[in-house]
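Listed here are the chains, written in short residue letters.
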Amino acid sequence: MKLRRSTARALAAATALIALGAVTACAEDGAGADPQRVDVAAAFYPLQFIAERIGGDAVRVTNLTKPGAEPHDLELTPRQVGEVNQAELIVYLKGFQPAVDEAVEQNGGDRAFDVAGVQPLLAGSAGGHDHEGEEAGHGGKEKDGGKDPHLWLDPTRLATVGDRLAERLGRADPDRAADYTARAGALRVELETLDAEFAAGLRTCQRRELMVSHAAFGYLTERYQLDQVGITGLAPENEPSPQRLAEVAREAQEHQATTIFFETLVSPKVAETIARQVGAKTAVLDPLEGLSADHGGDYLSVMRTNLATLRTALSCS
Ligand SMILES: [Zn+2]
Ligand SMILES: [Zn+2]
């Protein structure tokens, strides 16, 4: 049964190749849904963004996390597991989405590209931060033990991931390797421009502490010398403890925060509670784990919106 099906698929693929008159040897990965293009399965939005930008019309990118879905706790449908199994390249971030890790482990073989392996990750924190001269533990700073996966919020890291992705695509599709390299270079220029805007825009601010809904902004705060206090840790959770809420409210008052940030894909309820308590506003700071279902724009435009939001909230000049 299994044999018959794979034979049928091989025949169908061979027929398709003949029909297209493709004489040159195709990628060893064999039959994708579109034999002219590299089929890429991207685990969540920022990886879809770089795969599309670098792959251009030479790739067909499927995002495993649908718009409006929160990616941390993604579950794959059988159809999506099929997409992972069929993809010629799987772009994912090991340690971020257990369901994707599992699918890759079972069937990924050498088709998987783990962006977490490109550069060493930062250590994750439970959402607190240190104050100089205070004993550790203030603000709930226990290490999560794990690594922080949210590397895409540092545009320069994303550019480096893009360079490596271009190399990986070039190995899967050597005829177009130079195109991938060129497009990764163009994307790098755009990401470095964005980085320069962030650095300049956040250089002089009255406050540098962000009260955020989950501790997704470690790479952004590291890059631009800000500091985050997460209501929850590295992953969004439904109900932080009353003790944690009180700690964050205390932090917000101590740092004279004007704004408690919430996310597009997570309920604003908890942020609103704290904001009411301390007399602050709420605003969206988007960790770009996915685009919201009704959102236009892309990684670059959402990041620029984030920058404007931060400059207002932190009173930057
Ligand atoms: Zn997250
Ligand atoms: Zn503090």
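This is a predicted model, so every value here is computed, not measured.

Positionally, Q277 belongs in helix 9 (residues 269–278). Considered as a pair, Q277 and A246 are 31 residues apart in the sequence and their alpha carbons are 9.5 Å apart.

Buried together is how nonpolar side chains tend to be arranged in soluble globular proteins. In terms of nonpolar packing, the biggest core is built from 76 residues, with V40, A42, A51, I90, V91 and L165 touching the most fellow members. Ranked by residue count, the leading element in this core is helix 5 (residues 155–172), at seven residues. With residues near it in sequence (within four places) discarded, A51 still touches V40, A42, V59, V61, V91 and L165. F198, L310, A313 and L314 belong to the second-largest nonpolar core, a separate cluster that totals five residues.

Next up on the list: unusual backbone geometry. Although it is not a glycine, Q225 adopts a positive phi angle of roughly 55°. The phi dihedral of Q256 falls on the positive side, at around 50°, and the residue is not glycine. Here Q256 is to be found in the loop between helix 8 (242–254) and strand 9 (259–262).

On to the pairing of strand 1 (residues 38–42). Within strand 1, five of the five residues are buried, leaving the element largely enclosed by the surrounding structure. Side chains V38, V40 and A42 project from strand 1 onto one buried face, and the interleaved D39 and A41 project onto a second face that is buried too. For strand 1 and strand 2 (residues 59–63), the ladder comprises five bridges, and the chain directions are parallel. Bridging across to strand 2, V38 finds its partner in V59. Judged from the three bridges that link them, strand 1 and strand 3 (residues 89–92) form a sheet pairing that is parallel.

Conventions used here
- Residues numbered from 1 in each chain as written.
- Chains lettered and ligands numbered in written order.
- Predicted model: local features only at pLDDT ≥ 70, side-chain atom pairs only at ≥ 80, totals over all residues.
- Helix = DSSP H or I, 4+ residues; strand = E, 2+ residues; numbered from the N terminus.
- Core = buried A, V, L, I, M, F, W, Y, C linked by C-beta atoms within 7 Å.
- Buried ≥ 20, exposed ≤ 12 C-beta atoms within 10 Å, placed from the backbone.
- Contact = placed C-beta atoms within 7 Å.
- Pairing = 2+ DSSP bridges.

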